[in-house]
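Spelled out from the first residue to the last, the chains are:
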Amino acid sequence: PYTSVEHGFVISFPGFPEKDQQTIQGNGYSLPYTTYATETSDGKKVQLVGVYDFTGIEIDETGALEGAVNGAVQNSEGATLLNSYFSQFLGLKSIYAHYTTTIDGETYDGYIRAFIKGTKMYAVFTVGEDISGFDSFVNSFNFK
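What this report covers is the structure whose coordinates are included nearby. (Residues numbered from 1 in each chain as written. Predicted model: local features only at pLDDT ≥ 70, side-chain atom pairs only at ≥ 80, totals over all residues. Heavy atoms only, no water.)

**A look at the pattern of salt bridges**
Pairs can form between side chains of opposite charge whenever their charged atoms are close. The condition that has to hold: In the sections that follow, a salt bridge refers to a side-chain nitrogen of Lys or Arg positioned within 4 Å of a carboxyl oxygen of Asp or Glu. Helix and strand labels come from DSSP, where a helix needs a run of H or I of at least four residues and a strand needs a run of E of at least two; each type is numbered from the N terminus. Remark: exposure states derive from per-residue accessible area (1.4 Å probe, protein chains only) relative to the maximum for the residue type, with buried under 20%, exposed over 50%, and partly exposed in between.
Here the structure, examined in full by the defined rule, presents 3 salt bridges. Between Glu6 and Lys19 there is a salt bridge, and its shortest N-O distance comes to 2.5 Å. Highlighted residues: Glu6 in the loop between strand E1 (2-4) and strand E2 (9-11) and Lys19 in strand E3 (residues 18-26), separated in sequence by 13 residues. The partly exposed category is assigned to Glu6, whose relative accessible area is 45%.

So this is what it looks like as structure tokens:
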């Protein structure tokens, strides 16, 4: 298991993740976010946790969760959203989505589970995993 002390979570990555920090600028706000990601050596499977810090930004929880899904699909080459729905995850309102994306002529499944705790949104993604691989990864997530 990998523990992010900074963001207060633990998850079982299939290796040590790379950490990247950036900021999204938009409509008068700055949204810092951090990604933790691993990728198989052939680049065909990716596991990622994104943490978005909404401190000082008033958000609509439903809109923010939908935005996480829409952003992932819109920012993935040739992506098509297959389904999404709201549910609960670790006692929090959550959105789940399944989409496909095309990379170098090959189509891959992508899965997302996003949820908000306090001022942070957590988005757990896989690309190239089947549903059982995604479920195993997302279900290994917990708050520390």
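Okay, back to it.
**Here we look at the sheet that holds strand E4 (residues 29-39)**
Where we set the bar: Here the rule is simple: two strands pair whenever DSSP picks up at least two bridges between them. Structural elements are reduced to axes, namely lines fitted to C-alpha atoms, with helices fitted over the stretch in contact, and the angle between N-to-C directions of any two is expressed from 0 to 180 degrees. Contacts were defined at the residue level, with two residues in contact if any of their heavy atoms lie within 4.5 Å.
Taken in spatial order, the 7 strands make up an open sheet running E3-E4-E5-E9-E8-E7-E6, and their pairing is antiparallel. Looking at strand neighbours, the two that pair on one side only are E3 and strand E6 (80-89), the edges of this open sheet. Pairs of neighbouring strands in the sheet enclose a mean axial angle of 20 degrees, with direction left out of account. By the bridge criterion, 8 bridges tie strand E8 (residues 106-117) to strand E9 (residues 120-127) in an arrangement that is antiparallel. Counted as the bridge partner of Tyr111 is Thr126 from E9. Running over the sheet, helix H1 (residues 61-74) touches E6, strand E7 (92-103), E8 and E9 and is turned about 15 degrees from E7. Packed on one face of the sheet, helix H2 (residues 131-139) meets strand E5 (46-53), E6, E7, E8 and E9 and runs near 150 degrees to E9.

**What about unusual backbone geometry?**
A positive phi angle, near 50 degrees, is found at Leu90, a position not held by glycine. The residue Leu90 is located in the loop between E6 and E7 in this model. Note on Leu90: relative accessible area 41%, which makes it partly exposed. Backbone geometry at Asp104 places phi at a positive 50 degrees, although glycine is not the residue there. By the element assignment, Asp104 lies in the loop between E7 and E8.

**Comments concerning H1**
Note the following rule: Expected helix span is computed as 1.5 Å times (number of residues minus one).
Taking 1.5 Å of rise per residue, the 14 residues of H1 would be expected to cover 20 Å, and the 20 Å separating its terminal C-alpha atoms lies within 8% of that figure. If you follow the buried residues of H1, they end up packed against E6, E7, E8 and E9.

**A word on H2**
Rules: Regarding the arc, it is the one traced by the directions from the helix axis to the C-beta atoms.
Those residues of H2 that fall on the buried side of the exposure criterion are Gly133, Phe134, Phe137 and Val138. One side of H2 carries all its buried residues, which in axial view fall inside an arc of 125 degrees. Seen from the open side of H2, the exposed residues pointing more than 90 degrees away from its buried face are Ser136 and Asn139.

**As for the sheet that holds E1**
The sheet built from 3 strands is open, its strands ordered E1-E2-E10 with antiparallel pairing. Each end of this open sheet is capped by a strand with a single partner; those strands are E1 and strand E10 (142-143). Where E1 lies against E2, 3 bridges are found, and the strand directions are antiparallel. Within the sheet, the bridge partner assigned to Ser4 lies in E2 and is Phe9.

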